[in-house]
Amino acid sequence: MQSQPKKFILPDLVSHCTFTLRCSRHRRRITGETKQWLFKGDNLTGRARDKYHGLKAGLLTAMCYPDAAYPQLRLCNDFLTYLFHLDNLSDDMDNRGTRSVATVVLNSLYHPRIYSPERIGKMTRDYFRRMIATASPGSQQRFIETFDFFFQSVTQQALDRAAGVIPDLESYIALRRDTSGCKPCWALIEYANNLDIPDEVMEHPIVRNLGEAANDLVTWSNDIFSYNVEQSKGDTHNMIPVVMAQEGLDLQSAVDFVGDMCKQSIDRFIEEQEYLPSWGPKIDADLAIYIDGLANWIVGSLHWSFDSERYFGKTGRQVKATRVVELLPRRTSSS
């Protein structure tokens with residue numbers, strides 16, 4: 001029998017991404033204020049608070065929405081931090097638990113003025129009431145619908161996890177585009193930059209393809225970066241084990257395979273822009289800001305993944321430089 005690998009080499013996605021990395025000057029302020037909002041909103045203590053500090057969500061928000069005014073940036077950071085918090089909660093839930101959280105959150109979005117929830121639902125209602133004060137009707141609708149898709153896919157993920165199912169690659173990609181939570185974040189690009197882009201433009205195949213390419217890069221690269229922590233917990237909802245199972249690859253070959261897919265998604269994002277039609281000066285200008293927002297997400301998420309402690313602990317900068325990841329031991333049920 002072959003011995004299990006002790007490390008693997010990350011693909012060089014940072015060098016392949018040539019978009020300009022920028023960071024909002026409001027980063028420190030939103031970080032402090034969102035922290036108070038989150039800790040108070042869901043009564044976080046102990047390890048849950050420690051996870052927040054290592055996450056560095058304020059940095060991700062500041063790099064993904066660098067041109068947003070302070071009120072919009074603060075809401076985006078509240079949502080992103082809250083989304084990571086939901087992801088942490090869902091990791092410990094079965095499908096019944098995710099459904100109950102989904103019911104509370106979606107009722108808070110669909111009925112923000114009359115529904116009176118507690119904790120997570122109250123936080124949902126709080127940020128969404130702020131959002132609808134200035135967001136276009138189209139971006140509001142896209143936000144709610146895509147967040148609904150997020151919960152449907154997370155519920156399916158919980159069912160797969162409980163059954164020990166490793167889906168085929170095509171099914172996994174379709175599901176992962178919703179479990180990523182990227183789609184509501186794309187609606188926040190519209191909100192953060194005060195855009196009002198008509199539905200028919202946002203639903204154009206080229207515009208949808210651009211959003212999908214950005215989603216794929218953010219999501220698939222995240223699967224590479226999070227693989228080590230997830231394999232240590234025995235979690236198989238990740239593209240690496242999916243590719244290993246389907247293609248019969250070893251770990252390093254699967255990482256390289258997914259890395260190539262990530263590079264192709266960046267290339268696809270650039271190429272698709274060449275085929276954009278024109279809708280007139282005003283819409284074209286707004287759409288250019290939206291597409292730039294997707295590019296900010298691509299480059300921002302790549303760099304943030306090494307600054308955050310979520311994937312590589314305190315060694316992120318070293319891993320970014322060497323691209324070597326030392327595999328964590330598998331946790332036993334008692335640990």
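Up top is the structure these notes are about.
Residues numbered from 1 in each chain as written. Predicted model: local features only at pLDDT ≥ 70, side-chain atom pairs only at ≥ 80, totals over all residues. Heavy atoms only, no water.

S.K.: Could you give me a rundown of the packing of helix 12 (residues 205–232) against helix 13 (residues 239–247), with the residues and numbers involved?
M.R.: Taken N-terminus to C-terminus, the directions of helix 12 and helix 13 make an angle of 95°; their axes are 8 Å apart at the nearest point. The pairing of helix 12 with helix 13 is recorded here as roughly perpendicular in orientation. Here W220, D223, I224 and Y227 of helix 12 come into contact with helix 13, specifically with M239, I240 and P241. Tallied by class, the residues present in the contact of helix 12 with helix 13 amount to six nonpolar, no polar and one charged. (Axes fitted to C-alpha atoms, helices over the stretch in contact; angles between N-to-C directions. Helix = DSSP H or I, 4+ residues; strand = E, 2+ residues; numbered from the N terminus. Parallel < 35°, antiparallel > 145°, perpendicular 65-115°, else oblique. Contact = heavy atoms within 4.5 Å. Nonpolar A, V, L, I, M, F, W, Y, C, P; charged D, E, K, R; others polar.)

S.K.: Can you tell me about unusual backbone geometry, naming the residues and giving the values?
M.R.: Positive phi values are uncommon outside glycine, yet N43 reaches one of about 55°. Checked against the element boundaries, N43 lands in the loop between helix 2 (27–41) and helix 3 (47–55). By relative accessible area, N43 is classed as exposed at 55%. (Buried < 20%, exposed > 50% of the residue type's maximum accessible area, 1.4 Å probe, protein only.)

S.K.: Lay out the packing of helix 4 (residues 57–64) against helix 15 (residues 281–307) in plain terms, naming residues and giving numbers.
M.R.: As a packed pair, helix 4 and helix 15 sit with axes 8 Å apart at the nearest point and diverge in direction by 155°. The angle between helix 4 and helix 15 places the two elements in the roughly antiparallel class. Pair helix 4 / helix 15 crosses with right-handed handedness. Across the interface between the two elements, A57, L59, L60, M63 and C64 from helix 4 touch G293, N296, W297, G300, S301, H303, W304 and D307 from helix 15. In terms of residue class, the contact of helix 4 with helix 15 is made up of seven nonpolar, five polar and one charged. (Left-handed = near helix turned anticlockwise from the far one by under 90°.)

S.K.: How would you summarise the packing of aromatic side chains if you had to cite specific residues and measurements?
M.R.: Going through the model one piece at a time under the given rule, you end up with 22 aromatic pairs. Plain terms: the ring middles of F39 and Y52 are 5.5 Å apart, the flat faces sit at 80° to each other, and that makes the pair edge-to-face. You can see F39 sitting in helix 2 and its partner Y52 sitting in helix 3, a full 13 residues away along the chain. Exposure class is identical for F39 and Y52. Each is buried. On the basis of an interplanar angle of 15° and a centroid distance of 5.9 Å, the ring pair of F128 and F143 is categorised as stacked. Taken together, the residues F128 in helix 7 (residues 120–132) and F143 in helix 8 (residues 137–163) connect sequence positions 15 residues apart. In this pair, the class of F128 matches that of F143, namely buried. Through a chain of ring-to-ring contacts, three or more aromatic side chains come together here, namely F79, Y82, Y127, F128, F143, F147, F150 and F151. Taking the ring centre of Y70 as reference, the NZ or CZ of R29 above it sits at 3.6 Å. (Phe/Tyr/Trp six-rings, centres within 6.5 Å; stacked < 30°, edge-to-face > 60°. Lys NZ or Arg CZ within 6 Å of the ring centre and 35° of its normal.)

S.K.: I'd like a rundown of the state of the cysteines, residues and numbers included.
M.R.: Enumeration according to the criterion identifies zero disulfides in this entry. Of all cysteine sulfurs in the structure, the one in C64 sits closest to C17, which takes part in no disulfide; the separation is 11 Å. Of the cysteine sulfurs around C185, a residue in no disulfide, the closest is that of C182, at 6.1 Å. (Disulfide = S-S within 2.5 Å.)

S.K.: An account of the side chain of T124 is needed here, citing residue identities and associated values.
M.R.: Here T124 lies in helix 7. Given a relative accessible area of 0%, T124 falls into the buried group. A distance of 2.5 Å separates polar atoms of two side chains, one belonging to T124 and the other to Y82. Among the polar contacts made by the side chain of T124, one reaches the main-chain carbonyl oxygen of I120 at a distance of 2.8 Å. Leave out the neighbours within four places in its chain, and T124 touches Y82, V105, S108 and L109. (Polar contact = N/O pair within 3.5 Å; in protein donor to acceptor, adjacent residues only side chain to side chain.)

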